[in-house]
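# Summary of structural features
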Amino acid sequence: MSYLPPPVDPYQTPQYTQPFYPPPPPPPNHSRTVAITLLSVAIALVVLIGGGTVLYLIGENEQDARDRITVSEPTTLNGHDKIEAKELESLTTDLEKELEGYPGAANAFGAVYGSLEDKKMIAALAAEVDIDDPQRMLDTVFQSFSGESQLTGVSPASTGSLGGVAQCGDTVVGKEDVAICGWADEGSVGMFLYFYETTVDVKGDFPDMRAEIETKS
């Protein structure tokens, strides 16, 4: 007995199987790419300036003054988490190497806090180091920035309870505003780069942020 297929209804719509196509890759995150580019340019500028302008200002203070000052890398800064991204590893390593190159430097670190996507980034760098003339050192660093990146509006900033000297200024990296605040005292030096902000936005937060990094006993 032979098998006959069932009759085909000529008016029935044929059934087709929908082919499977994998989803397209997500589009590149433009804001993240721009943020990393900004960080790269700014950090390269810091390394360039630090290399030749401040080494001759490092001195030898009394040991007891140095022992009272401690610099440590915070896990958060002003409420912002540290950005852990592979793209930043080489940049923060360059910052640390630059600071570690200062004669007698200790506990040097470079880190970035905030978010690469949300236009909120703060680069921080600091180290314990003996400085004979904090004001002269800070002036030299800021003058060097002015020569390289047109740093404007440099003015003194509050040192809070930590003393020493501090100042802030504004620059532009690419087309984005960057505020720069730094400090120096007899046993430490440090700097913040606030991306997408001006000194008007950040000056009030600076003393407390410094206090998250530097302590005196």
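Residues numbered from 1 in each chain as written. Predicted model: local features only at pLDDT ≥ 70, side-chain atom pairs only at ≥ 80, totals over all residues. Heavy atoms only, no water.

### Thoughts on the overall build of the chain
A count of helices and strands for the chain gives six helices and 10 strands. For the chain, the proportion of its 217 residues judged to be buried stands at 45%. Expressed as a percentage of contacts within the chain between residues at least 6 apart in sequence, the contacts between residues at least 24 apart total 67%. Working note: accessible area of the chain is about 12,000 Å², and carbon and sulfur atoms make up 54% of it. (Helix = DSSP H or I, 4+ residues; strand = E, 2+ residues; numbered from the N terminus. Buried < 20%, exposed > 50% of the residue type's maximum accessible area, 1.4 Å probe, protein only. Contact = heavy atoms within 4.5 Å. Areas by Shrake-Rupley, 256 points an atom, 1.4 Å probe, with all protein chains shown as cover.)

### Some details on the state of the cysteines
Tallied over the entire structure, the rule returns one disulfide. The disulfide partner of Cys-168 is Cys-181, and the gap between their sulfur atoms is 2.0 Å. Between Cys-168 and Cys-181, the disulfide has an S-S torsion of 110° and is therefore right-handed. Remark: Cys-181 occurs in strand S8 (residues 176-185) and Cys-168 occurs in strand S7 (residues 165-173); sequence separation between them is 13 residues. (Disulfide = S-S within 2.5 Å.)

### Some details on the nonpolar core
Grouped together as the largest cluster of nonpolar side chains are 31 residues, with contacts concentrated most on Ile-83, Leu-88, Ile-180, Val-189, Leu-193 and Phe-195. In this structure Ile-83 touches Leu-88, Val-112, Tyr-113, Gly-114, Ser-115, Leu-116 and Met-121, once residues within four positions along its chain are discounted. Val-71, Tyr-113, Ile-122 and Tyr-194 belong to the second largest nonpolar core, which has 20 residues in total. (Core = buried A, V, L, I, M, F, W, Y, C linked by side-chain atoms within 4.5 Å.)

### A closer look at the pattern of salt bridges
Side chains carrying opposite charge are able to pair once their charged atoms draw close together. One pass over the full model with this rule turns up six salt bridges. Put simply, Asp-185 and Lys-216 hold a salt bridge, and the shortest N to O gap is 3.9 Å. Here Asp-185 is found in strand S8, whereas its partner Lys-216 is found in strand S10 (residues 214-216), with 31 residues between them in sequence. What makes Asp-185 buried here is its relative accessible area of 0%. A salt bridge links Arg-210 to Glu-214; the nearest nitrogen and oxygen atoms lie 2.9 Å apart. For Arg-210, a relative accessible area of 0% translates into the label buried. Of the residues examined, Glu-214 reaches a relative accessible area of 1% and is grouped as buried. Salt bridges sharing common partners tie together Asp-185, Glu-186, Arg-210, Glu-214 and Lys-216. (Salt bridge = Lys/Arg side-chain N within 4 Å of Asp/Glu carboxyl O.)

### A short note on the pairing of S8
It is a general feature of regular strands that their side chains alternate between the two faces of the sheet. Burial analysis of S8 places eight of its 10 residues in the buried class, which makes it a mostly covered element. Sheet topology places S7 next to S8; nine bridges connect them, and they run antiparallel. Bridge pairing in S8 places Ala-166 opposite Trp-183. Here S7 folds back onto S8 in antiparallel fashion, the turn holding two residues, of which Gly-174 has a positive phi close to 65°. (Pairing = 2+ DSSP bridges.)

### What to know about the sheet that holds strand S6 (residues 152-156)
Strand order in this open sheet of six strands is S4-S5-S9-S8-S7-S6, and the pairing throughout is antiparallel. One side of each edge strand has no neighbouring strand; the edge strands of this open sheet are strand S4 (106-115) and S6. Averaged over neighbouring strand pairs, the angle between their axes works out to 10° when direction is ignored. Both S6 and S7 contribute to a ladder of three bridges, which runs antiparallel. In the strand pairing of S7, Pro-156 is matched with Gln-167. Each of S4 and strand S5 (120-128) is contacted by helix H3 (residues 86-100), which is oriented at about 150° to S4, the strand it contacts most. (Axes fitted to C-alpha atoms, helices over the stretch in contact; angles between N-to-C directions.)

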